[in-house]
There are 2 protein chains.
Amino acid sequence: MSNFVFRKFQSLGNFSADDEARLNASMQRVERIRPHTDLVQEGVHARYLNIVLEGWACRYKHLEDGRRQIIALFVPGDMCDPCVFTLDAMSHIIGTLTPVTLGRIAEKDMLEITRTSPSLSKAFWLEMLVSAEIQREWTVNLGRRTALERLAHLFCELLLRMRAVGLTKGCECDLPITQADLGDVLGLSPVHVNRTLQEIRAMGLVEVRGKRLVVHDEPALQALGLFNPNYLHLLPSPSQKG
Amino acid sequence: MSNFVFRKFQSLGNFSADDEARLNASMQRVERIRPHTDLVQEGVHARYLNIVLEGWACRYKHLEDGRRQIIALFVPGDMCDPCVFTLDAMSHIIGTLTPVTLGRIAEKDMLEITRTSPSLSKAFWLEMLVSAEIQREWTVNLGRRTALERLAHLFCELLLRMRAVGLTKGCECDLPITQADLGDVLGLSPVHVNRTLQEIRAMGLVEVRGKRLVVHDEPALQALGLFNPNYLHLLPSPSQKG
DNA sequence: CGATAGGTTGAGTCGCATCAACCGGGGTGG
DNA sequence: CCACCCCGGTTGATGCGACTCAACCTATCG
């Protein structure tokens, strides 16, 4: 199992070697899915739990006239739908943003795992609650923050999430998505994303170069984005270095 | 138990007389909480599951500078936090919008109920999944719909949710909240809510008078709001008459 | 070497916010 | 019982933030 997925589960509670073995045994690897591919179709009952192992994916919805809103971002270690099994059909789509490698767990294995491993089912449960918390925070982001604040807030969140799975180097991490995708996350037009990126860089807080996010002043960025990390329910980080 | 709460649980699956008795036994009634009162403080571990029996409540967050976003609306029959027990602390506040009567179930009773009654725990689980679906749809609403569309969409949702618990008369239901509260739901200023209400009324779709919502043309309202009811996961309604 | 996707820039417009004043009704205190 | 107050709603004027359209630039890839 990749190191950062291991970290992810560790961050969700006690995670034993036995748990790891069980996960590995039931996880089927699906390599290098192309970017901008839909994994799960709207209106279809989910048959697998998908864990992102490499690359970024998202949950999104389309309006009839083509407008698109990305509802959630999935970075390595994230589970795309820890809770979707019981609903008859999904009202959203899960798709890749970059080339993605998935770990896939069939529904019956999931049921078996949650029935027999308290630590793993607690991990799935926590993952679900935290993703709901993120969803709520995004609601606030879209409803009450300006473009500049939204961008700052998103960058703060992503940096912390990437750090939690050990995918940062100091205040730097991958940001492998386009400005248009960022716009669909933030409810902004691609043009305005571009200008807002320039503005935030001119303030000396953040730079985006070559699909990398480089945060120069994290406290100031958090202040700008009115960012309070509580909603991520991160453990007091044992190592900030990533 | 009030008729509409009964309906609510029926709409969430098979709900026996025995289930009803168990709920009644462990539910403590809290009468007439004042409007604009916080039920659960931010950063405090929840000790109860709250079910709204009368009135409307909401989940909201504040930004440091006073901006406020309502993240969820709770109408009679809704559970304020079916899933919050396992998280250490909440990053949001639950408060009343109108005078509210709650049914309150202590944490230990909840654990007991979910452990021993499959039908009730399935109901709680479903309620949680649907509320997550609503949250996602609101994210789209704030990110990608105009003020007029947002309002139309919200009204469509509220009408269906109220109908599901039998609190509509045809295409009419209570709407006991202020325009300022609507603004905090929709990410709009109170002034703009007012103007948008006038606009939607001038179109002949909806009227709001005396804390009542009156929908004149539900299909047209759904079209305007780009509304697709799938996300509510309502059962094929046995009776539309409310 | 051309095609194409992503990024950048400018001009013009519009949706929504803000500020401020005013109205109307229900509750309260004198 | 009346006067007042205050909250919620309404209206107008003005400004700004973000969108749209359109052109152009740049890097990558076949």
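Everything here concerns the structure above.
So, here's what we can say about the structure. (Residues numbered from 1 in each chain as written. Chains lettered and ligands numbered in written order. Predicted model: local features only at pLDDT ≥ 70, side-chain atom pairs only at ≥ 80, totals over all residues. Heavy atoms only, no water.)

## Re the sheet that holds strand E5 (residues 68-74) of chain A
Backbone-to-backbone hydrogen bonds join strands into a sheet, with any given pair of strands oriented parallel or antiparallel. All names here are of chain A. Short version of the rule: For two strands to be treated as a pair, DSSP must find no fewer than two bridges joining them. Note on conventions: DSSP H or I runs of at least 4 residues are helices, E runs of at least 2 residues are strands, and numbering of each starts at the N terminus. For every element, the axis is a line fit to its C-alpha atoms; helices are fit only across the contacting stretch, and the angle between N-to-C directions ranges from 0 to 180 degrees. Contacts between residues were defined by any pair of non-hydrogen atoms, one from each residue, lying within 4.5 Å.
Spatially, the four strands line up as an open sheet ordered E2-E6-E4-E5, and their pairing is antiparallel. Taken across any chain shown, the strands that pair with only one partner, and hence form the sheet edges, are strand E2 (38-40) and E5. In this sheet, adjacent strand axes meet at a mean angle of 35° when their direction is disregarded. Pairing analysis gives four bridges linking strand E4 (residues 57-62) to strand E6 (residues 93-96), with the strands arranged antiparallel. The residue bridging Ala-57 from the neighbouring strand is Thr-96, located in E6. Across the sheet, helix H4 (residues 118-144) is in contact with E4 and E5; its angle to E5 comes to roughly 140°.

## Here we look at the relation of the copies chain A and chain B
Threshold: Only residues with pLDDT of at least 70 in both copies contribute their C-alpha atoms to the least-squares superposition of the copies.
Each copy of the sequence occupies a distinct position, and chain A is placed on chain B by a rotation of 180° and an axial shift of 0.0 Å, giving an RMSD of 0.0 Å. What the superposition gives is, in effect, a two-fold axis relating one chain to the other. Both copies present the same face, since 100% of the interface residues in chain A are matched by interface residues at the equivalent positions in chain B.

## Quick look at the protein's contact with DNA strand D
The cut-off we apply is this: Proximity criterion: a residue is near a molecule or strand once any of its heavy atoms comes within 4 Å of it. In the analysis that follows, any N or O atom pair within 3.5 Å is treated as a polar contact, provided that within protein one partner can donate a hydrogen and the other can accept it, and provided that, for residues neighboring in sequence, both atoms belong to side chains.
Around DNA strand D, a shell composed of 15 residues is seen, among which Ala-147, Ser-189 and His-192 of chain A together with Gln-179 and Asn-194 of chain B lie nearest. When the atoms of DNA strand D within 4 Å of the protein are grouped by moiety, sugar and phosphate amount to 61% of the total. Between DNA strand D and Ala-147 of chain A there is a distance of 2.8 Å, counted from a phosphate oxygen to a backbone nitrogen or oxygen. Within the side chain of Asn-194 of chain B, an N or O atom sits 2.4 Å from a phosphate oxygen of DNA strand D. Put simply, the parts of the chain that give the surface near DNA strand D at least two residues each are helix H7 (190-202) of chain A together with helix H7 (190-202) of chain B.

## Description of the protein's contact with DNA strand C
Residues in contact with DNA strand C amount to 15 residues; listed here are only the nearest, Gln-179, Asn-194 and Gln-198 of chain A together with Ala-147 and Ser-189 of chain B. Within 4 Å of the protein, the contacting atoms of DNA strand C are 64% sugar and phosphate, with bases supplying the remainder. Here a base oxygen of DNA strand C and a side-chain polar atom of Arg-195 of chain A are 3.1 Å apart. Contact between DNA strand C and Lys-211 of chain A: a phosphate oxygen at 3.4 Å from a side-chain N or O atom of the residue. Among the elements of the structure, H7 of chain A together with H7 of chain B are those that each provide at least two residues to the surface near DNA strand C. Looking at which element gives the most residues to the surface near DNA strand C, the answer is H7 of chain A, with four residues.

This is a description of form; function is not addressed.
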